[in-house]
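Listed here are the chains, written in short residue letters.
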Amino acid sequence: KSSTSSPSINYMLPGACPVPDTMPMAAGWLLRHSVVMCLLLHSLVLMTCCFHHAATSCSKNCYCSESEAGGKTVRCSNLQLTEIPDDLPNDTRRVYLDFNLFTAVPANAFAGLPYLATLDLSHNELAQLEPGAFRGLGNTLQFLDLSSNKLKNFIPEAFEGLRAQANLTNNPWHCDCSLQLALPRVDLEAASLAGIVCQTSDPADIGVEGLAFLLAPEIDLCVIMKKTTDVAMLVTMFGWFSMVISYLVYYVRANQEDARRHLEYLKSLPQVSIPGKSEESSTISTVV
């Protein structure tokens, strides 16, 4: 009986190239590993894109734009924010945080923005700038707007390293000796400090209210402190002088008491008559 072999049938998708049944095993191994390498490369690209998006994406609820000159602008104006956003993109060059509800700027609030050139914090409720509030911005920041807030006390440690132009107007500044001593310790542009207009002062009757402090150089807010120091020195000297006088008085009185007791002791001794002495001489001797 003769046997006939039926031809083998390969089922393929349309347009696919036929693969011979006799393909070497090496080709199959290469194909499988090529697919794995392709998947790994694709995952790496996705991770890179995700990290880049996380670093350059816009802050939540804020509006971001890119300028033609380069650099990102982030606008978070009038959003009723109470805390400085901590997700500002690190490639930001301009940040607008005006018309919010910030009451303080904590230390290192903008330390992660190495390219920041403009910072607007105007029209908030700022009453405190903590030391180091603008740390890390000394080499890049060009303009700082702190106008229309509630700043009273000038904290030089908050502006450490800044050489920017600052707008400090429309704040209820309290001018006293500490302010006078603090101004030479900052590197802000001199015109910026002209925005410190005294609403209150210490002493209150020195006549600086309503004046820009830098425009009244003849006013010495530390004069009361100098007077207090002089008075303290005078009181101290008077105290020492009183102690010396009191000691001298005590010493004299103590010696007088010893002399009186000694005199009474001498008087209590029996009288010895010496022949040839007159009665008058004896009386004088007894008195002595």
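Looking at an unreviewed UniProt entry, one finds the protein named Leucine rich repeat containing 3Ca, with Gadus morhua as its source organism.

Caption draft 1: Spotlight on the overall build of the protein. Counting its regular elements, the protein contains 5 helices and 10 strands. The 288 residues of the protein split such that 27% are buried. A fraction of 47% describes how many contacts in the protein between residues 6 or more apart in sequence connect residues 24 or more apart.

Caption draft 2: View of unusual backbone geometry. Note the cis peptide between Asp202 and Pro203, where omega equals 5°. For Pro203, the location among the structural elements is in the loop between strand S10 (198-201) and helix H4 (223-268). Even without glycine at this site, Asn170 takes up a positive phi of about 60°. Examined against the element boundaries, Asn170 turns out to sit in the loop between strand S8 (165-167) and strand S9 (173-175). Given a relative accessible area of 59%, Asn170 falls into the exposed group.

Caption draft 3: Region of interest: the nonpolar core. Ranked by internal contacts, the top residues of the largest apolar core, which has 46 residues, are Phe110, Leu119, Leu121, Phe134, Leu146, Phe154 and Phe159. Once residues within four sequence positions are removed from consideration, Leu121 is found in contact with Ile84, Leu97, Phe102, Val105, Phe110, Leu126, Phe134, Asp145, Leu146 and Asn149.

Caption draft 4: Local environment of a nonpolar patch on the surface. On the surface, Phe241, Val244, Ile245, Tyr247, Leu248, Val249, Tyr250, Tyr251 and Val252 cluster together into a nonpolar patch covering about 910 Å² of accessible area. With respect to the helices, strands and loops of the structure, Tyr250 is situated in helix H4. What makes Tyr250 exposed here is its relative accessible area of 58%.

Caption draft 5: Layout of the sheet that holds strand S5 (residues 118-120). If you walk across this open sheet you meet the 6 strands as S1-S2-S3-S5-S7-S8, and the pairing is mixed. Both edges of this open sheet fall to strand S1 (63-66) and S8, since each of them pairs with a single strand only. Pairwise comparison of adjacent strand axes, ignoring direction, gives a mean angle of 15° for this sheet. With 4 bridges joining them, strand S2 (residues 72-75) and strand S3 (residues 92-96) adopt parallel strand pairing. Across the sheet, the residue bridging to Lys72 is Thr92, located in S3.

Caption draft 6: Summary view of the pairing of S1. Looking at chain direction, S1 and S2 are connected through 4 bridges and run antiparallel. Residue Ser65 lies in a different strand from S2, and its bridge partner there is Thr73. Two successive antiparallel strands, S1 and S2, enclose a turn made up of 5 residues, where Gly70 displays a positive phi of approximately 100°.

Caption draft 7: Representation of the state of the cysteines within the structure. Taken as a whole and assessed by the stated rule, the structure comprises 4 disulfides. Through a disulfide, Cys58 is tied to Cys64; the S-S separation comes to 1.9 Å. Across the disulfide from Cys58 to Cys64, rotation about the S-S bond amounts to roughly 85°, and the bridge is consequently right-handed. With relative accessibility at 30%, the residue Cys58 sits in the partly exposed group. Across a sulfur-sulfur distance of 1.9 Å, Cys175 and Cys198 are joined as a disulfide pair. Handedness of the Cys175-Cys198 disulfide follows from its S-S torsion of about -90°: it is left-handed. With a gap of 23 residues between them, Cys175 in strand S9 and Cys198 in strand S10 connect regions that are remote in the sequence. For the residue pair Cys175 and Cys198, the accessibility class agrees, reading buried in each case. Sequence-ordered numbering of the bonded cysteines in the protein yields a pairing of 1-3, 2-4, 5-7, 6-8.

Caption draft 8: Quick peek at the pattern of salt bridges. Enumeration according to the criterion identifies 4 salt bridges in this entry. For Lys72, the salt bridge identified is with Asp91, shortest N-O distance 4.0 Å. Placement of the pair is Lys72 in strand S2 and Asp91 in the loop between S2 and S3, with a sequence separation of 19 residues. Judged by relative accessible area, Lys72 falls into the buried class, the value being 7%. Asp91 gets classed as partly exposed once you look at its relative accessible area, which sits at 23%. For Arg185, the salt bridge goes to Glu157, with nearest N and O atoms at 2.8 Å. Within this pair, whereas Arg185 is found in the loop between helix H2 (177-182) and helix H3 (190-193), its partner Glu157 is found in the loop between strand S7 (143-145) and S8, the two being separated by 28 residues in sequence. By relative accessible area, which is 32% here, Glu157 ends up partly exposed.

Caption draft 9: Focus on the environment of Cys222. Within the fold, Cys222 resides in the loop between S10 and H4. Sequence separation of Cys222 and Leu179 is 43 residues, and the distance between their C-alpha atoms is 9.6 Å. Ignoring anything within four residues of it in the chain, the contact list for Cys222 reads Cys177, Gln180 and Leu181.

Rules and cut-offs
- Residues numbered from 1 in each chain as written.
- Predicted model: local features only at pLDDT ≥ 70, side-chain atom pairs only at ≥ 80, totals over all residues.
- Heavy atoms only, no water.
- Helix = DSSP H or I, 4+ residues; strand = E, 2+ residues; numbered from the N terminus.
- Buried < 20%, exposed > 50% of the residue type's maximum accessible area, 1.4 Å probe, protein only.
- Contact = heavy atoms within 4.5 Å.
- Core = buried A, V, L, I, M, F, W, Y, C linked by side-chain atoms within 4.5 Å.
- Patch = residues over 30% accessible without salt bridge, like charges linked within 9 Å, V, L, I, M, F, W, Y side chains within 5 Å.
- Areas by Shrake-Rupley, 256 points an atom, 1.4 Å probe, with all protein chains shown as cover.
- Salt bridge = Lys/Arg side-chain N within 4 Å of Asp/Glu carboxyl O.
- Pairing = 2+ DSSP bridges.
- Axes fitted to C-alpha atoms, helices over the stretch in contact; angles between N-to-C directions.
- Disulfide = S-S within 2.5 Å.

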